[in-house]
Amino acid sequence: MLRLDGGGQTLLIWLDAGRPKLAYWGPGLPPDLDDSAVEVLAQATLPSGGVLDAGEALDLFPEAGNGFTGHPALIAHRAGGDFVSQMRAAGYELTADGLSIELADPAAGLAVRLSLSLDPATGVAAFRARLTNTGDDALALDWMSPCALPFAAGELMMFDGRWAREFQTVRQALPTGLVLKDNRTGRTSHHAPPYMLVGGAGFSQATGEVTGAHLAWSGDARMLAERLRDGRIQLQGGELFLPGEVSLAPGETYDTPILYAARSGAGLNGLSDRLHPFVREVILGGRLKAKPRPVHFNTWEAVYFRHDLTELKALADLAAEVGAERFILDDGWFKGRNDDTTSLGDWIPDAAKYPDGLTPLIDHVRGLGLEFGLWVEPEMANLDSDLVRAHPDWLLHVDDRAQPVGRGQYVLDLTRPEVADHLFARLDALLAQHEIGYLKWDMNRDLTHAASRGRPASRRQTLAVYALIDRLRAAHPDVEIESCASGGGRADFEILKRTDRIWTSDCNDPVERQTIQQGFSIFFPPEVMGTHVGPATSHTTARRTSLMLRAYTALFGHMGIEADVRDFPDKDRTRLAEAIALHKRLRPLLHGGRVLRQDPADPGAVAVLVVAEDQALASYAQLETSPHATSAPLRLTGLEPKQTYEVTLLNPRPAPPNRFTPDLLKGQAVRTTGDLIQALGLPLPVLRAGEIAVFQLTRV
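A. Here's a closer look at the overall build of the chain. A count of helices and strands for the chain gives 13 helices and 38 strands. In summary, the chain has a C-alpha radius of gyration of 27 Å against a globular reference of 27 Å for 700 residues, a match within 12%. If one aligns the C-alpha atoms of the chain with their principal axes, the spans along those axes are about 75 × 70 × 40 Å. Across the 700 residues that make up the chain, the buried fraction comes to 58%. Considering only contacts within the chain whose residues lie at least 6 apart along the sequence, 70% involve residues at least 24 apart.

B. Local environment of the sheet that holds strand β26 (residues 438-441). Pairing within the closed barrel is parallel, and its eight strands lie in the order β21-β22-β23-β26-β29-β30-β31-β32. Averaged over all pairs of adjacent strands, the angle between their axes in this sheet comes to 30°, without regard to strand direction. Strand direction decides the pairing type here: strand β22 (residues 326-329) and strand β23 (residues 371-376), joined by four bridges, are parallel. Paired with phenylalanine 327 across the bridge in β23 is phenylalanine 372. Against the sheet, helix α5 (residues 359-367) touches β22 and β23, its axis set at about 140° to β23. Helix α10 (residues 510-520) contacts β30 (501-503) and β31 (529-533) of the sheet and is inclined by roughly 165° relative to β31.

C. Structural view of the sheet that holds strand β10 (residues 149-151). Pairing is antiparallel across the open sheet formed by four strands, whose spatial order is β10-β17-β16-β13. With partners counted over all chains shown, the strands left at the sheet margins are β10 and β13 (177-183), one partner each. Along the sheet, successive strands turn relative to each other by an average axial angle of 15°, direction set aside. Taken together, the three bridges between β10 and strand β17 (residues 233-239) define a ladder with antiparallel strand orientation.

D. Examining the nonpolar core more closely. With 142 residues, the main nonpolar core has Phe127 and Trp333 as its most contacted residues. Among the elements that line this core, the one with the most residues is helix α12 (residues 570-590), at seven residues. Not counting residues up to four positions away in its chain, the partners in contact with tryptophan 333 are His307, Trp347, Ile348, Pro349, Asp350, Tyr354, Leu358, Leu374, Trp375, Val376 and Leu430. By size, the runner-up hydrophobic cluster in this structure holds 32 residues, among which are Phe159, Phe167, Leu284 and Leu288.

E. The arrangement of the state of the cysteines in detail. Taken as a whole and assessed by the stated rule, the structure comprises zero disulfides. Free of any disulfide, cysteine 484 has its nearest neighbouring cysteine sulfur in cysteine 507, separated by 13 Å. Using a relative accessible area of 1% as the deciding quantity, one classes cysteine 484 as buried.

F. Structural context of the environment of asparagine 444. Mapped onto the fold, asparagine 444 is located in the loop between β26 and β27 (451-452). According to the relative accessible area criterion, asparagine 444 is buried, its value standing at 11%. Put simply, asparagine 444 and asparagine 133 are 311 residues apart on the chain and 37 Å apart in space, counted from C-alpha to C-alpha. Each residue touching asparagine 444, except ones within four places of it in the same chain, is listed here: Arg187, Trp375, Glu377, Met380, Arg407, Gln409 and Ser486. A polar contact is formed between the side chain of asparagine 444 and the side chain of aspartate 442, at a distance of 3.1 Å. A polar atom in the side chain of asparagine 444 sits 2.8 Å from the side chain of serine 486.

The rules behind each value
- Residues numbered from 1 in each chain as written.
- Predicted model: local features only at pLDDT ≥ 70, side-chain atom pairs only at ≥ 80, totals over all residues.
- Heavy atoms only, no water.
- Helix = DSSP H or I, 4+ residues; strand = E, 2+ residues; numbered from the N terminus.
- Rg over C-alpha atoms; globule rule 2.2 N^0.38 Å.
- Buried < 20%, exposed > 50% of the residue type's maximum accessible area, 1.4 Å probe, protein only.
- Contact = heavy atoms within 4.5 Å.
- Pairing = 2+ DSSP bridges.
- Axes fitted to C-alpha atoms, helices over the stretch in contact; angles between N-to-C directions.
- Core = buried A, V, L, I, M, F, W, Y, C linked by side-chain atoms within 4.5 Å.
- Disulfide = S-S within 2.5 Å.
- Polar contact = N/O pair within 3.5 Å; in protein donor to acceptor, adjacent residues only side chain to side chain.

Now the structure itself:
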């Protein structure tokens with residue numbers, strides 16, 4: 001029995017007749033475990049008829065040739081033939097870094113190395129596989145998942161959504177058969193991002209067995225869950241290839257993206273307890289821990305393409321006045337860019353808008369004590385641009401085919417070295433010639449006709465994006481980068497290894513943002529979650545909301561402003577400054593504590609608690625009209641039961657005349673214990689749709 005331990009969990013792999021099986025993954029087991037007992041318990045009962053004698057051969061890397069009639073982990077062939085494989089273990093290596101198992105089928109000309117690790121601190125597992133063509137002719141690869149994770153019982157949670165409404169969770173009981181979530185957009189997408197969760201029926205934020213899986217890949221992908229005829233469930237994830245995209249010559253290899261997975265016996269919050277520290281320490285490499293996330297001011301919803309130096313300086317003055325720490329000049333700064341139909345690709349400051357270049361604005365911003373950031377979209381170009389006029393062949397395209405346009409733009413072929421070199425030179429020059437500390441890296445178009453020189457190129461394009469960002473970061477290691485793709489269209493662990501923030505959504509409507517941020521926060525910690533205070537009337541929904549709801553919603557992520565603050569009434573500018581000051585004061589808590597999403601009694605409300613050792617912050621947002629005259633008390637799970645907390649409502653409202661109001665809601669501090677807060681709850685104000693209550697809790 002091969003064993004990995006980490007994060008209080010144990011993972012056991014059993015080489016059963018040369019095939020690796022995931023025999024156990026759960027709470028830590030004693031070191032003197034009897035392997036023979038595990039093998040007996042891991043054996044599956046076989047149906048009496050109607051199936052192969054050995055039943056469904058579901059193991060860690062199931063193959064059709066071994067008798068598995070579900071979705072196999074490998075689909076490959078040689079010119080339409082030789083598609084049967086029967087690999088067996090040819091060796092393994094167990095080290096401090098993890099486990100690797102060598103599988104081979106000499107007759108089929110295939111070898112696979114399965115690599116597994118279990119993070120010592122968090123128990124997050126990483127699965128990866130390498131396929132080698134050991135045969136004498138080309139091998140066509142149609143599908144490969146690094147593993148198949150088995151489950152006994154399953155309620156499925158997937159992520160749905162669209163532009164400006166990302167990270168919506170949807171549940172279903174998994175019937176017999178296959179459920180696929182495919183993404184063919186060339187980015188992680190708004191509607192089918194590569195995340196999937198399987199758990200016991202009715203798992204919640206705080207309770208239930210649940211496993212979350214994420215394919216760390218920024219391109220086309222498939223996540224699948226399948227209930228087999230015998231009732232067992234498997235989960236896989238892998239790249240989704242274009243026809244003929246991957247063909248391995250003799251001796252060539254293919255590496256899958258990493259499939260990360262975590263298990264919890266304490267619901268979705270238990271998953272986040274593992275995933276958030278893992279992202280902070282492993283994916284980000286700890287690089288943000290000692291760098292407080294500066295409060296942003298982004299110009300997009302303030303001026304759009306209307307760039308005027310005097311106006312922008314005035315906005316920077318107001319941004320500094322309310323407490324912003326970083327000023328980001330968004331789309332519209334470069335040559336000829338007056339709308340989204342022109343000039344994309346020409347990364348030279350517009351002489352009409354900036355006759356002396358960007359330096360006067362940058363100097364003004366930095367003179368206010370703010371860092372300067374810049375919006376770019378390097379992967380794209382408009383037909384109406386100097387770049388495409390000079391190099392029409394630099395676009396991803398299929399000859400003699402009209403390509404659908406997206407937002408007036410097309411995708412540059414980064415797989416061509418001359419294109420990648422040109423883009424690097426332009427970005428390198430911008431960063432070398434200006435004091436720019438931050439790039440908002442956008443990607444506003446799905447990939448179609450993703451071909452380069454007549455060959456499918458979606459996969460190579462994704463790898464080329466990684467290479468360009470890596471090259472730029474190596475040249476400018478102090479510049480931070482934000483991953484943006486029409487909002488949250490490129491959000492995954494692999495892009496986050498080379499970026500510092502994810503723009504969660506183009507929607508700044510706080511009512512929508514509450515659910516968007518809840519879904520996002522399952523896998524990602526709040527310090528990488530871009531959250532902005534938008535204008536009173538939302539750009540994307542036309543809904544009008546209060547400054548209080550907008551500010552307190554943005555408080556719980558990497559906070560920023562994206563609005564024309566000149567239009568704010570004086571009292572709202574004052575309240576915004578107060579909210580930003582609160583965010584700065586609580587930033588160590590908000591960006592380092594445990595995020596515990598709550599399960600409020602009212603389905604039209606969203607509640608979250610962030611807890612650190614000595615303090616906590618809780619939010620209750622009423623998004624829909626309550627069905628009851630008053631809200632049920634907010635019972636908070638996740639506090640230390642026997643510790644005493646001083647609780648304060650940060651935004652009390654005047655008490656209605658001749659009506660009893662609990663002391664806590666009048667703004668008075670109340671002292672009580674964590675177990676009483678969970679048992680009795682905190683009384684809530686009578687909240688109308690679009691109102692919010694925020695409580696600060698300090699351990700006494």
